[in-house]
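Given next are the chains, with one letter for each unit.
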Amino acid sequence: MEKTEQVREFGGWLKRYTHKSEACHCDMTFSIYLPPELSKNGLSKNGLDNQAAETAKVPVLYYLSGLTCTDDNVRTKAGAQRYAAEHNIALVMPDTSPRGDGVHDDPDRYDLGMGAGFYVNATQSPWAPHYSMFNYVTQELPDLIEANFPVTDVRSICGHSMGGHGAMIAALKNPGRYQSVSAFAPIANPVNCAWGEGCFGAYLGSNKATWKDWDSVCLLETGAECPPLLVDQGGSDNFLEQQLSFPALNQVCSSRGLDATLRLQDHYDHSYHFIASFIGEHFTFHAKHLKT
């Protein structure tokens, strides 16, 4: 790993790294916030990593961003680091897709290619060589984080929009790996919306039956195990009716009697103003399960 940035925040350290990814076959970027307790128990005060620090470890919340975003959006707009510091939780924020020379892209579309990895493992050319975001965020990145930072293997996951979809399928396809999952305005039923159809058709091929393996509503309908779930959806979200399938998600969670809280928040939109308004409650939710 190469550290490219570190900033003091709320008594802890916000850092940014690049590394070579075996899953995506390119350089990937992630940010990590390490809470202040680690400065007292293992990390030097100037924020340098201490590989031998074993006196304190903290659980991890992974946050997956949405279409067109990078790791920079959440770390500068959501106010999440304040709550990570309060709850003594590390916060890991990966990029949304592979990038760089040789990585295929569609420059004419914002919702396909770089910035739109959709957290699936692509099977179709020319996407398959690089677009294995599911393996990256659920396997390679956690292994890297747990090997190089003073954190435990106790994890939860959260995301927004495309990242909300990614967080939910990460939890549903990996029973027991995450203590809890939450989402802001997730693309919950991508097989039935334009964003999902466009990306799934490109990444996964024309056989729509295979798409259901990457769809939260479809996975829940077929009995997938789900950890405790919290979803917030803005009532004035421009994408609510056409892209997000909040009613379908609500129905399947209710019909199965899941440990799920789904909230429609009046007048909130799809932006980081919405996320910043409720991110503290999501940290409280995850902290309860991470520390049980």
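Everything that follows concerns the structure shown earlier in this document.
Definitions and cut-offs
- Sequence positions are assigned chain by chain, starting from 1 and proceeding in written order.
- For a predicted model such as this one, the threshold for reporting local features is a pLDDT of at least 70, and the threshold for listing and counting side-chain atom pairs is 80 or more; totals across whole chains, interfaces and linings nevertheless cover every residue.
- Water and hydrogen atoms play no part in the side-chain values, which are based on all heavy atoms of the structure.
- Strands were regarded as paired on the criterion that DSSP finds at least two bridges between them.
- For helices the rule is a DSSP run of H or I covering at least 4 residues; for strands it is a run of E covering at least 2, with both sets numbered from the N terminus onward.
- All axes are obtained by fitting lines to C-alpha atoms, using only the stretch in contact for helices, and the reported angles, taken between N-to-C directions, cover 0 to 180 degrees.
- Here, residues are in contact when the closest pair of their heavy atoms is within 4.5 Å.
- In these notes, a set of buried Ala, Val, Leu, Ile, Met, Phe, Trp, Tyr and Cys residues joined through side-chain atoms within 4.5 Å is what counts as a nonpolar core.
- For every residue, the accessible area obtained with a 1.4 Å probe (protein chains only) is divided by the maximum for its type, and the residue is called buried under 20%, exposed over 50%, and partly exposed between those limits.
- In this analysis, the protein atoms alone were mapped onto a 1 Å grid. Cavities are point sets where a 1.4 Å probe fits without being able to get out; pockets are open sets with protein on both sides within 12 Å along at least five of seven lines; lining residues have an atom within 4 Å of a point.
- Grid points are joined across faces, edges and corners, and a volume is the space filled by probe spheres set on the points.
- Gly counts as polar in this scheme, as do all residues outside two lists: the nonpolar Ala, Val, Leu, Ile, Met, Phe, Trp, Tyr, Cys and Pro, and the charged Asp, Glu, Lys and Arg.
- Ring pairs are drawn from Phe, Tyr and Trp, using the six-membered ring of Trp, whenever the two centres fall within 6.5 Å, and their geometry is named by plane angle: stacked under 30 degrees, edge-to-face over 60, tilted for the rest.
- Placement of a positive charge over a ring is assigned whenever Lys NZ or Arg CZ falls within 6 Å of the ring centre and within 35 degrees of the normal to the ring plane.

Participant: What's the story with the sheet that holds strand S8 (residues 229–234) in this structure? I'm lost.
Facilitator: Note on sheets: strands pair through backbone hydrogen bonds, and any given pair is parallel or antiparallel. Sheet architecture is open: nine strands sit in the order S1-S2-S3-S5-S4-S6-S7-S8-S9, paired in mixed fashion. Looking at strand neighbours, the two that pair on one side only are strand S1 (2–9) and strand S9 (260–265), the edges of this open sheet. Between one strand axis and the next, the sheet turns through 20° on average, direction left out of account. Alignment of strand S7 (residues 181–184) against S8, held across four bridges, turns out to be parallel. Paired with Ser182 across the bridge in S8 is Leu230. Against the sheet, helix H10 (residues 246–256) touches S8 and S9, its axis set at about 150° to S9. Its contacts with the sheet put helix H11 (residues 272–290) on strand S4 (58–64), strand S5 (90–94), strand S6 (151–160), S7, S8 and S9, and the angle it makes with S7 is roughly 175°.

Participant: Whenever I open this one, the nonpolar core confuses me. Can you help?
Facilitator: The nonpolar side chains of soluble globular proteins are, as a tendency, buried together. Membership of the largest hydrophobic core comes to 96 residues, with the highest contact counts inside it found for Phe30, Leu91, Tyr136, Ile145, Tyr203 and Leu249. In terms of residue count, the dominant contributor to this core is H11 (eight residues).

Participant: Just to check I follow, could you spell out the layout of surface pockets for this structure?
Facilitator: Think of a ball as big as a water molecule: rolled over the atoms, this probe shows where empty space is left. Each pocket or cavity is described by its volume, and for the largest pocket that value is around 180 Å³. If you go around the largest pocket, you meet 13 residues; those closest to its centre are Leu67, Thr68, His160, Phe239 and His270. Classifying every residue of the lining of the largest pocket by side-chain character gives six nonpolar, six polar and one charged.

Participant: Looking at this model, I keep getting lost on the packing of aromatic side chains. Mind explaining?
Facilitator: Aromatic ring pairs: the centre-centre distance and the angle between the two ring planes describe each pair. Within the structure shown, the criterion is met by 14 aromatic pairs. Measuring from centroid to centroid gives 5.6 Å for Phe118 and Phe200, while their planes differ by 80°, and the two rings are edge-to-face. Pair noted here: Phe118 is in the loop between S5 and helix H4 (133–148) and Phe200 is in helix H6 (residues 194–204), with a separation of 82 residues, a long-range link. Comparing Phe118 with Phe200 shows no difference in burial state: the two are buried. Judged by its relative accessible area of 0%, Phe200 is buried. Taken together, the ring pairs connect Phe184, Tyr268, Phe274 and Phe278 into an aromatic cluster. Across the ring face of Phe134, the terminal group of Lys173 is positioned such that the distance to the ring centre comes to 5.8 Å.

Participant: Would you mind going over helix H5 (residues 162–172) with me for this structure?
Facilitator: Every α-helix carries 3.6 residues per turn, so stepping three or four residues along brings you back to the same face. Summarising burial for H5: 11 of the 11 residues are buried, a large majority. For H5, the full list of buried residues reads Met162, Gly163, Gly164, His165, Gly166, Ala167, Met168, Ile169, Ala170, Ala171 and Leu172.

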